[in-house]
Amino acid sequence: MNLKEIVLNKIIEQGTLPLFFHHDKEESIDILRTLYRAGVRVFEFTNRGPEALAVFESLVAIRDLEMPDLYLGIGTIKSVDDAQQFLQVGADFIVAPLVNPLVGSLVHEHHKLWIPGCMTPTEIYTAQQQQAALIKLFPANILGPAFMSSIRDLFKGQNFIPTGGVDIEIENLKAWFKSGVCAVGMGSKLIDPKDTSNLFENTQKALDLVSKAR
């Protein structure tokens, strides 16, 4: 099994993909350690600031030292240049808010998982033509579970993960999984970099709710 398949299976097994951005290396490392202790084994850092590359490098380094069974991906990747930079420093997978076929091609060349973001059936079809094994429905709070239910039969066998506004409460999670997604993305509603006092407990709760909702 190659890394692309391993990461995809890990996301599906975990049922959620936590994600965040923080400009500070030490704070980001503390958050990563907390997520790991709570049970997270696949995680997305987001490319949302000029410090992102340096912070991500530090996360990869601490992962290699302390958490060898953790898979680290980078999100908000829109260009080939950004994808190349993060792949060079060890990104296990690439997440995007849109479909850039050139980024997809580059990630495939590295035999890694590319997760493009889509909002319409045309974008989903385009992503499929670029062999996207997992597609991000974004923004999830605008699309909603009803959208997923409506397009599911058009794209049988395709894996989807909604991101952006997924609520960490049982009924919302049940609605998403019932609609046909394989996992859900969890960002600011799970991780607030300004207040991580309850992150360990909240992460355990989120993982438990996802397990119960499936």
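The rules behind each value
Residues numbered from 1 in each chain as written. Predicted model: local features only at pLDDT ≥ 70, side-chain atom pairs only at ≥ 80, totals over all residues. Heavy atoms only, no water. Helix = DSSP H or I, 4+ residues; strand = E, 2+ residues; numbered from the N terminus. Rg over C-alpha atoms; globule rule 2.2 N^0.38 Å. Buried < 20%, exposed > 50% of the residue type's maximum accessible area, 1.4 Å probe, protein only. Contact = heavy atoms within 4.5 Å. Areas by Shrake-Rupley, 256 points an atom, 1.4 Å probe, with all protein chains shown as cover. Core = buried A, V, L, I, M, F, W, Y, C linked by side-chain atoms within 4.5 Å. Pairing = 2+ DSSP bridges. Axes fitted to C-alpha atoms, helices over the stretch in contact; angles between N-to-C directions. Parallel < 35°, antiparallel > 145°, perpendicular 65-115°, else oblique. Left-handed = near helix turned anticlockwise from the far one by under 90°. Nonpolar A, V, L, I, M, F, W, Y, C, P; charged D, E, K, R; others polar. Expected span 1.5 Å × (residues − 1). Arc of directions from axis to C-beta. Polar contact = N/O pair within 3.5 Å; in protein donor to acceptor, adjacent residues only side chain to side chain.

**Points about the overall build of the protein chain**
- What the protein chain contains, in helices and strands, is nine helices and nine strands.
- For 214 residues, the compact-globule estimate of 2.2 N^0.38 gives 17 Å, and the C-alpha radius of gyration of the protein chain, at 16 Å, lies within 12% of that figure.
- Its C-alpha atoms give the protein chain principal-axis dimensions of about 45 × 40 × 30 Å.
- Out of the 214 residues in the protein chain, the part that is buried amounts to 50%.
- The contacts of the protein chain with a sequence gap of at least 6 include a subset with a gap of at least 24, amounting to 61%.
- Here the protein chain has roughly 9,600 Å² of accessible surface; of this, 49% comes from carbon and sulfur atoms.

**Notes on the nonpolar core**
- Residues Phe43, Phe45, Phe56, Ile94, Phe160 and Val184 are the most contacted members of the largest nonpolar core, which totals 59 residues.
- If near-sequence neighbours (up to four positions away) are discounted, Phe43 is found in contact with Leu17, Pro18, Leu19, Phe20, Leu32, Leu35, Leu59, Tyr71, Leu72, Gly73 and Phe93.
- Membership of the second largest hydrophobic core comes to 14 residues, among which are Val7, Ile11, Leu17 and Leu134.

**Focus: the pairing of strand β8 (residues 159-162)**
- Both strand β7 (residues 134-137) and β8 contribute to a ladder of four bridges, which runs parallel. If you follow Lys136 over to β8, its bridge partner there is Ile161.

**Quick word on the packing of helix α4 (residues 80-88) against helix α5 (residues 101-109)**
- Between α4 and α5, whose axes approach to 9 Å, the crossing angle comes to 20°. Relative to α5, the element α4 lies roughly parallel. Seen along the crossing, α4 lies across α5 with a hand that is right-handed. Where α4 approaches α5, its residues Val80, Ala83, Gln84 and Leu87 are matched on the opposing element by Leu102, Val103, Leu106 and Val107.
- Of the residues contributing to the contact of α4 with α5, the split by class is seven nonpolar, one polar and no charged.

**Points about helix α1 (residues 3-14)**
- For α1, with twelve residues, the first-to-last C-alpha span of 16 Å sits near the 16 Å given by 1.5 Å per residue.
- For α1, the complete set of buried residues consists of Val7, Leu8, Ile11 and Gln14. Mapping the buried residues of α1 onto a view down its axis gives an arc of 135°, with all of them on the same face.
- By the N-cap criterion, in which a side-chain oxygen at the helix start approaches the backbone nitrogen of a residue two or three places on, α1 is capped by Asn2, the distance to Lys4 being 3.2 Å.
- Gly15 occupies a position one or two residues after α1 and carries a positive phi of about 80°.

**Focus: the side chain of Thr46**
- The topology assignment puts Thr46 in strand β2 (residues 42-46).
- The exposure class assigned to Thr46 is buried, which follows from its relative accessible area of 3%.
- Once residues lying within four places of it in the same chain are set aside, the contact partners of Thr46 are Leu19, Phe20, Phe21, Ala52, Ile74, Gly75 and Thr76.

**A word on the environment of Glu57**
- Mapped onto the elements, Glu57 comes out in helix α3 (residues 52-66).
- The exposure class of Glu57 is partly exposed, given its relative accessible area of 42%.

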